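# Remarks on the overall topology
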Amino acid sequence: MGIEDTGMRNGRALSDQWADSVVVRPRTTEQHITVHKRLVLGFAISILTLIIVTAIAITLSVSFERCAAESSGALAANGSSNSKWKQSRDGNISHRDSEDGQQPWRHLRLPATLRPRHYDLRLTVHMENFSFSGEVNIEFECVNSTKLIVLHSDRLELDKVLVFSDSKKAGAMRIQRRFHYQPKQVYVIALHREMKPLRTYKINITFTAHIEHELLGFFRSSYMLNGERRFLAVTQFSPTHARKAFPCFDEPIYKATFRVSLKHESSYQSLSNMPVEATTSDEDGWVTNHFSRTPRMSTYYLAWAVCNFTYKEAVADNGVLIRLYARPDAIQSGSGDYALRITKRLLQFYQDYFKVKYSLPKLDLLAVPKHPYSAMENWGLSVFVEQKILLDPEVSSFSYQMELTVVVVHEICHQWFGDLVTPVWWEDVWLKEGFAHYFEYIGADFLFPKWNMEKQRFLTDVLHEVMLLDGLASSHPISQQVFEATDIDRVFDWIAYKKGAALIRMLANVMGQTLFQRALNDYLMTHMYGNAARDDLWNKLSEAMQREGKDINITQVMDRWTLQMGYPVVTISKNDSLDNSITISQEHFVYDTDAKIQNPELFNKSFQWQIPLTLAVGNASHISTETIIWVTNKSEAHRVGHMVGETWLLGNINQTGYFRVNYDLHNWKLLIQQLMSNPTIISVGNRAGLIDDVFNLARAGYLPQNVPLQMISYLSQEPEFLPWHAASRALYQLDKLLDRTLDHSLFSDYVLRQVEPKYHKLGWPATSPDGSFMHSAYQTEELQREVIMLACSFGNKHCHRQAVSLISDWISSNKNRIPPNVRDIVYCTGVSLMDEDVWEFIWMKFHSSTAVSEKKVLLEALTCSDNIFLLNRLLNLSLTSDLVPDQDVIDVIIHVARNPLGRHLAWRYFREKWDILNSRYGEALFMNSKLISGVTEFLNTEAELNELKEFILTSGGESAPAFARAVEIVQANVKWHILFQEQFYQWLRKAPDG
């Protein structure tokens, strides 16, 4: 418009000059004709000039509005999207050169010229047609002069847009252009005049949108109650989906306060992060809930829900009101009581541990039928999928209770690590997820000390599991740069969660719990209501160490662990000298050692870590106290205590470090002899660690294949659950490789010879005369369950007969007397061995059961059938039936793949239905990765590897990290068969019967 106005003024001025000249000068006819010609010519030139200028103006405005369609190669090369935005601890936003005459809406990050302070958000929710309308007023501060307002908006129809200045000048500021740029999900408002630094402004936007069926943004779900389908709507904004519900500055750094109002029919109720401070009613039967103002928080922690649930409540010791909302029948049955009870205790535990008060007056827990994740830690309104918060103690196994417990512990921890202190940017998402995952085990130990979670279950469920992933050449650093929006979802993987937790645990053990706890308090107090980066954490930990006179630079140590992918294998070898010296070396552990040759650009880097290696020496009757050695070089020599011929070395005491330990073969032989003669000399954590290390070192070719098989021959003497659990995980991994080989029975028979003595000794869970279940100590029950599962899985006949007998009794009496702790084993074994009628019986029970935990176990049991027709029927029903939650659809496909008879079916089904599955779970990348991994990890032939590669090419999945991992795992499976299968079976053929 500005250009068009200038052109018109110039045109009028030129015409006036020509007119003046005509009046002043009298002319002859000839002169008059000449002047007339000049007048016509001048007029024509002026008109032509006007047309050209107007055309230029129109072209510029069109190109401005349609910039999304233009190429921006030069901008991509020179822009700021890849530059790292440094954030100071006080939350001040440093300026990025995002405008400079460029187009900041093309960048990944919003320009740093504006900073939101407060949102006033008013929504009207129409549940009858699943739509909503809204109005948002955003108060923001101008940090650097700009004419542009760039904020996020996705799938919203924006109507009215007004911008106001804080100056006394009345009326809205003049808007020159406004347009949506979909590639970056932003809305751009270009003002006629600049906004000035340190001034505040307000933007008012009205908009409409749909309540989506997809489980992101503001989405809908449903459930059945008394034969009637009921609907609810709830939000899921993490990581980048608040923009689907209202226009906002949708990045973690842009913290602001929020005041939310929700209008809906009076038959529904609404919830949000804060308590309701006022309610107004309309004559037409609609109500509006006005919620209190929130503290400063990131957009992705804002939440609301509209539902007709009921609730139970409790008051924590610190006065916080806790409510658990769920389906009315679930509340009535008491399914939410357990989660409510432990949440009350956890709020006080975290407040005491961190010495930082919980910041809000209330905490709501919302159980929804469908959700893209297990749970979401929205501040004051945490949302859980039903399977992760509702517990029926009559039918739920201990494993289910434990899984539910750690999910609740995880989400409550986020109220501090995440909600109160938020990572600056997604590259450090592990700062919140790693802490929450670590505290799952600390918090569970507080609730149930006998579970001994941090010292035991953490090893198998976190450390051992993530090291499988992080030992791949396709792994990535825990802190990974985010260059594109698609990269944001990818940072939410097990590397962020589990490796983050393992590194935090390693740090806590190096520092000592008291000092670690003090440093966390300092970190939280310094950054509360703000953002923090990893260096902020390292600085607080270093300061705490220095105050205790310990000169350890945490930043130097931890940058090696967070900015490099993978982890080391530490090899400890005795020297032949008489000075009790040993050699300690480190190298990057990779399952596929050929990857270092195939990818020299990656592996030519000097992968090296500063390793806190704890070390002890022992013999048949004694083990020394541990010493710590900081290993910083590729290889170094150290002296240890007195060693004689039968003295063995043990590294990484209690597996507190994030690395594997290898030894010379003689030391492995001595350790195995120790386990055979008196295993309890070595701690239970280290016994589990030795088993996990030895199997994985052999898998990667660091050790002969017979060493792990020799080690598990001590298992019949193992009295504790944890080493059995570590062994069973390793054995199931091997079984996946071997179950289609001709000599598989050699392996299964060998495993049964190790398992059967303990199986017969422990027996099955007992029932009292009245039919109720008798409970043993936690460790005893878990060990019994683990051994029964191994016995049934590897074909013990007694185990099979017992399972069939229990299923038959249930069918004939219609009374389920199967102990909850082994129901999944019995159901699966019965379905696999018995006829089609049993499958139909389990299917019927799945439909009729109202207990969430029981439904999950029943559904997974249906995947154990050896009838391909029934498996195919189940796969189709799970994808099309509303009875099966989205999380369980993925589990069904994976469990069918775990069934050797269903493996090819699941693989074929996955490929045929990929478009449907990817459209449903594509944005919920965590679930999509789980699906890809679960279906492909069983492939182990050259033909299957080629099928996988061809499918990836035709499906366009070349860039997906999950597919890269899948190819690497299948290649490793194929390679293992070529290199090690014959060696493996040769030893088994000669193995002793005992």
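Residues numbered from 1 in each chain as written. Predicted model: local features only at pLDDT ≥ 70, side-chain atom pairs only at ≥ 80, totals over all residues. Heavy atoms only, no water.

The protein chain has the name Aminopeptidase in an unreviewed UniProt entry, where Danio rerio is given as its organism. Under the UniProt heading Catalytic activity (unreviewed entry), the entry covering the protein chain gives this text: "Release of the N-terminal pyroglutamyl group from pGlu-|-His-Xaa tripeptides and pGlu-|-His-Xaa-Gly tetrapeptides." Listed under Sequence similarities (unreviewed entry) in UniProt, the entry text for the protein chain is "Belongs to the peptidase M1 family." (UniProt positions renumbered as here; feature names shortened; annotations may be inferred.)

On to the overall build of the protein chain, then. Of the regular secondary structure elements, the protein chain holds 32 helices and 28 strands. Looking at the 994 residues of the protein chain, the share that counts as buried comes to 57%. Sequence separation of 24 or more characterises 72% of the internal contacts of the protein chain that already satisfy a separation of 6 or more. Of the accessible surface of the protein chain, which amounts to about 40,100 Å², a share of 53% is contributed by carbon and sulfur atoms. (Helix = DSSP H or I, 4+ residues; strand = E, 2+ residues; numbered from the N terminus. Buried < 20%, exposed > 50% of the residue type's maximum accessible area, 1.4 Å probe, protein only. Contact = heavy atoms within 4.5 Å. Areas by Shrake-Rupley, 256 points an atom, 1.4 Å probe, with all protein chains shown as cover.)

Ordered by their spatial adjacency, 4 strands build an open sheet running E26-E23-E22-E28, and the pairing between neighbours is mixed. Two strands bound the open sheet, and with one partner strand each, they are strand E26 (635-639) and strand E28 (660-663). Averaged over all pairs of adjacent strands, the angle between strand axes in this sheet comes to 25°, irrespective of strand direction. With 7 bridges joining them, strand E22 (residues 568-574) and strand E23 (residues 581-588) adopt antiparallel strand pairing. By the bridge assignment for E23, valine 569 is matched with glutamate 587. (Pairing = 2+ DSSP bridges. Axes fitted to C-alpha atoms, helices over the stretch in contact; angles between N-to-C directions.)

One can find valine 751 in helix H20 (residues 744-762). Residues valine 751 and leucine 709, spaced 42 residues apart in sequence, show a C-alpha to C-alpha distance of 9.0 Å. If we ignore the near neighbours within four places in the chain, the residues touching valine 751 are Leu731 and Phe794.

With numbering aligned to this structure, UniProt lists the feature "active site" (unreviewed entry) at Glu411. In this fold, glutamate 411 is placed in helix H6 (residues 398-413). A residue is classified by how much of its surface remains accessible, and glutamate 411, at 5% relative accessible area, is buried. Non-local contacts of glutamate 411, meaning those with residues more than four positions away in its chain, are made with Ala375, Met376, Glu377 and Phe384.

A general feature of soluble globular proteins is that nonpolar side chains tend to end up buried together. Judged by nonpolar contacts, the single largest core of 304 residues is most densely connected at Phe246, Phe354 and Trp416. Dropping the residues within four chain positions of it, phenylalanine 246 is found in contact with Tyr119, Leu121, Val136, His152, Leu156, Phe207, Phe237, Phe258, Leu302 and Trp304. Counting residues in hydrophobic clusters, the runner-up holds 16 residues, among them Leu232, Leu271, Val368 and Leu381. (Core = buried A, V, L, I, M, F, W, Y, C linked by side-chain atoms within 4.5 Å.)

Here we come to the pairing of strand E12 (residues 276-281). Inspection of the sheet shows E12 paired to strand E13 (residues 286-291) by 5 bridges, in the antiparallel sense. Looking across to E13, one finds that alanine 278 is bridged to histidine 290. Between E12 and E13, which pair antiparallel and follow one another directly, the connecting turn spans 4 residues, one of which, glycine 285, has a positive phi of 85°.

As recorded in UniProt, the feature "binding site: Zn(2+)" (unreviewed entry) lies at His410, His414 and Glu433. Considering the C-alpha atoms alone, the annotated residues occupy 24 residues of sequence yet fold into one spot, their largest mutual distance being 8.6 Å. Position of histidine 414 relative to the elements: it lies in the loop between H6 and strand E20 (421-423). According to the relative accessible area criterion, histidine 414 is buried, its value standing at 0%. Contact partners of histidine 414, with chain neighbours within four places excluded, come to Glu377, Asp419, Lys432, Glu433 and Ala436. Polar contacts involving the side chain of histidine 414 include one to the side chain of histidine 410, which spans 3.1 Å. Within the secondary structure, glutamate 433 is located in helix H7 (residues 430-447). In this structure, glutamate 433 is in contact with Glu377, His410, His414, Phe492, Ala496 and Tyr497, ignoring residues within four places of it in sequence. (Polar contact = N/O pair within 3.5 Å; in protein donor to acceptor, adjacent residues only side chain to side chain.)

Take helix H16 (residues 665-677) next. Taking 1.5 Å per residue, 13 residues should reach 18 Å; H16 reaches 19 Å between its end C-alpha atoms and fits that length. Structurally, H16 contributes buried residues whose contacts are with E22, strand E27 (648-651), E28, helix H17 (684-699) and helix H18 (706-711). (Expected span 1.5 Å × (residues − 1).)

Let us look at the environment of tyrosine 567. Inspection of the secondary structure assignment puts tyrosine 567 in the loop between helix H13 (554-563) and E22. For tyrosine 567, a relative accessible area of 0% puts it in the buried group. Sequence separation between tyrosine 567 and phenylalanine 607 is 40 residues, and the spatial gap between their C-alpha atoms is 8.8 Å. Those residues in contact with tyrosine 567 that lie beyond four places of it in its chain are Met467, Asp470, Gly471, Glu587, His588, Phe589, Tyr591, Trp609, Tyr658, Phe659 and Arg660. Here arginine 660 takes part through its side chain, which lies 3.1 Å from a polar atom of the side chain of tyrosine 567.

This next bit is on the pattern of salt bridges. Taken as a whole and assessed by the stated rule, the structure comprises 57 salt bridges. Close ionic contact of arginine 155 with glutamate 214 constitutes a salt bridge, the shortest N to O distance being 2.8 Å. One end of the pair, arginine 155, is in the loop between strand E3 (146-152) and strand E4 (157-165); the other, glutamate 214, is in the loop between strand E7 (200-210) and strand E8 (217-225), with 59 residues separating them in the sequence. Accessibility expressed as a relative area gives 23% for glutamate 214, which makes it partly exposed. Among the salt bridges present, the one from aspartate 470 reaches lysine 499, with a minimum N-O distance of 2.9 Å. Of this pair, aspartate 470 sits in helix H8 (residues 453-470) while lysine 499 sits in helix H10 (residues 494-511); the two residues are 29 residues apart in sequence, bridging distant segments of the chain. The exposure classification of aspartate 470 matches that of lysine 499, with both residues buried. (Salt bridge = Lys/Arg side-chain N within 4 Å of Asp/Glu carboxyl O.)

According to the stated counting rule, one finds 2 disulfides in the structure shown. Between the sulfur atoms of cysteine 792 and its disulfide partner cysteine 799 the distance amounts to 1.9 Å. Negative torsions about the S-S bond denote left-handed disulfides, and the value of about -95° found for cysteine 792 with cysteine 799 makes this one left-handed. Summarising the burial analysis for this pair, cysteine 792 and cysteine 799 share the class buried. The side chain of cysteine 828 participates in a disulfide bridge whose partner is cysteine 864; the two sulfur atoms lie 2.0 Å from each other. Across the S-S bond linking cysteine 828 and cysteine 864, the dihedral sits near -105°, which makes this disulfide left-handed. Taken as a pair, cysteine 828 in helix H23 (residues 823-833) and cysteine 864 in the loop between helix H25 (852-861) and helix H26 (868-880) lie far apart in primary sequence, 36 residues in all. (Disulfide = S-S within 2.5 Å.)

To continue, consider H23. By the burial criterion, the buried members of H23 are Arg823, Ile825, Val826, Tyr827, Thr829, Gly830 and Val831. If you follow the buried residues of H23, they end up packed against helix H21 (778-793), helix H22 (797-813), helix H24 (836-848) and H25.

With that out of the way, let us pick up the pairing of strand E15 (residues 310-315). Bridging between E15 and strand E16 (residues 321-326) involves 6 bridges; their strand directions are antiparallel. Directly across from glutamate 313, in E16, lies its bridge partner arginine 323. Counting the residues between successive antiparallel strands, the hairpin from E15 to E16 contains 5 residues, one of them, glycine 319, with a positive phi of roughly 90°.

This brings us to the packing of H10 against helix H11 (residues 513-527). What describes two packed helices is the angle between their axes and the distance between those same axes. Taken N-terminus to C-terminus, the directions of H10 and H11 make an angle of 115°; their axes are 6 Å apart at the nearest point. For the pair H10 and H11, the sense of crossing is right-handed. Here Ile504, Ala508 and Met511 of H10 lie close against H11, whose contacting residues are Gln513, Leu515, Phe516 and Ala519. Broken down by class, the residue content of the contact of H10 with H11 amounts to 6 nonpolar, 1 polar and no charged. (Left-handed = near helix turned anticlockwise from the far one by under 90°. Nonpolar A, V, L, I, M, F, W, Y, C, P; charged D, E, K, R; others polar.)

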